Amino acid sequence: MTAGPRTLRAARRLEVTAAQVGYWPAHEARRDTTAEQAAAALGLTETQPGS
């Protein structure tokens, strides 16, 4: 069974809306976050390979 054109349009509209809604909060968070904070949130450390 395949999705009809209305279903595809609705799915695409939801996808576009989700991207638009998330853009500005992410943009503001990026501006207020230091590189060190971002690295810590991702679980990254400053250790050198082999040490």
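Residues numbered from 1 in each chain as written. Predicted model: local features only at pLDDT ≥ 70, side-chain atom pairs only at ≥ 80, totals over all residues. Heavy atoms only, no water.

When you look at the pattern of salt bridges in this model, what are you seeing that I'm missing?
A side chain with one charge can pair with a side chain of the opposite charge if their charged atoms come near. Under the defined criterion, the tally for this structure stands at one salt bridge. Arg12 is paired through a salt bridge with Glu15; the nearest N and O atoms lie 2.9 Å apart. Note that Arg12 and Glu15 are positioned in helix 1 (residues 5–31) at a spacing of three residues, about one turn of the helix. (Salt bridge = Lys/Arg side-chain N within 4 Å of Asp/Glu carboxyl O. Helix = DSSP H or I, 4+ residues; strand = E, 2+ residues; numbered from the N terminus.)

How should helix 1 be read in this particular structure?
For the α-helix, the turn length of 3.6 residues means that residues three or four positions removed from each other point alike. For helix 1, built from 27 residues, the straight-helix expectation of 39 Å at 1.5 Å per residue is met to within 8% by its first-to-last C-alpha distance of 39 Å. Residue Tyr23 marks the point of greatest curvature in helix 1, where the axis turns by about 30 degrees; the proline Pro25 follows within four residues. (Expected span 1.5 Å × (residues − 1). Bend = angle between axes of the 7 residues up to and from the residue.)

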